[in-house]
Amino acid sequence: KDQVFQPSTVASSEGAVVEIFCNHSVSNAYNFFWYLHFPGCAPRLLVKGSKPSQQGRYNMTYERFSSSLLILQVREADAAVYYCVCNFNKFYFGSGTKLNVKP
Amino acid sequence: EPEVTQTPSHQVTQMGQEVILRCVPISNHLYFYWYRQILGQKVEFLVSFYNNEISEKSEIFDDQFSVERPDGSNFTLKIRSTKLEDSAMYFCASRERVAGGRTDTQYFGPGTRLTVL
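About the criteria used
Residues numbered from 1 in each chain as written. Chains lettered and ligands numbered in written order. Predicted model: local features only at pLDDT ≥ 70, side-chain atom pairs only at ≥ 80, totals over all residues. Heavy atoms only, no water. Disulfide = S-S within 2.5 Å. Helix = DSSP H or I, 4+ residues; strand = E, 2+ residues; numbered from the N terminus. Buried < 20%, exposed > 50% of the residue type's maximum accessible area, 1.4 Å probe, protein only. Polar contact = N/O pair within 3.5 Å; in protein donor to acceptor, adjacent residues only side chain to side chain. Contact = heavy atoms within 4.5 Å.

Draft legend 1. Layout of the state of the cysteines. Counted under the stated rule, the structure contains 2 disulfides over all chains. Here cysteine 22 of chain A connects covalently by a disulfide to cysteine 84 of chain A, the sulfurs 2.0 Å from one another. For the disulfide bridge between cysteine 22 of chain A and cysteine 84 of chain A, the dihedral angle about the S-S bond is near -70°, and by the sign convention the bridge is left-handed. Linking cysteine 22 of chain A in strand β3 (residues 18-24) with cysteine 84 of chain A in strand β9 (residues 81-88), this pair joins segments that are 62 residues apart in sequence. Assessed through its relative accessible area of 0%, cysteine 84 of chain A is described here as buried. Take cysteine 41 of chain A: it sits in no disulfide, and the sulfur closest to it among the cysteines is that of cysteine 23 of chain B, at 16 Å. Counting only cysteine sulfurs, cysteine 84 of chain A is the nearest neighbor of cysteine 86 of chain A, a cysteine outside any disulfide, at a range of 6.6 Å.

Below, the structure is given as structure tokens:
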């Protein structure tokens, strides 16, 4: 079955680098998309692609069936839900990882 | 920056009633999507729409659901006879058709929270 897997929660402390891991079983999907979601707002794309990439404080690692989102110098304001998504014709969402940040 | 908008932000309805959720995708985008997220669960794909027809739909998207692009700007999701289990957040998304298309980004609206009583 085509699925995307990610941890339900990750905890970090302010200033640290936090890693959120994702892997999938979607056989024809090659790309990862990482979205940030604050409740009540539109999910926002952070970083995407089929190779390692970086956008500001957000780094994405890439393997064929797995990716990690690394957030550098994490802040309390980064506490939100992060979705790992892969696509093949349609988008397959992971269940979301809630990031908790301790001051 | 262009954005996807959705109205209303919150819709409350009685079971069995029809609801129409509205979305205005980004103006030069050609692909349109609806997703839903039941409280505490993950975002689920409902339907994709291109060239005035459904291109793909999930098993959730049964005969109670329909989509329409009634004019050049709106994209609607209709639920004919709502059930309690239709209560969820409904997200609209759109993407531009880009040659090669593999890393096209879907841009999401803020969602409509549907509550069925």
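Draft legend 2. Representation of the side chain of serine 94 of chain B in the model. All names here are of chain B. Tracing the backbone shows serine 94 in strand β9 (residues 88-95). Classification of serine 94 by relative accessible area gives buried; the value is 0%. For serine 94, the side chain forms a polar contact with the main-chain nitrogen of isoleucine 26, separated by 3.4 Å. In this structure, serine 94 is in contact with Val4, Pro25, Ile26, His29, Tyr31, Phe32, Tyr33, Thr105, Gln106 and Tyr107, ignoring residues within four places of it in sequence.

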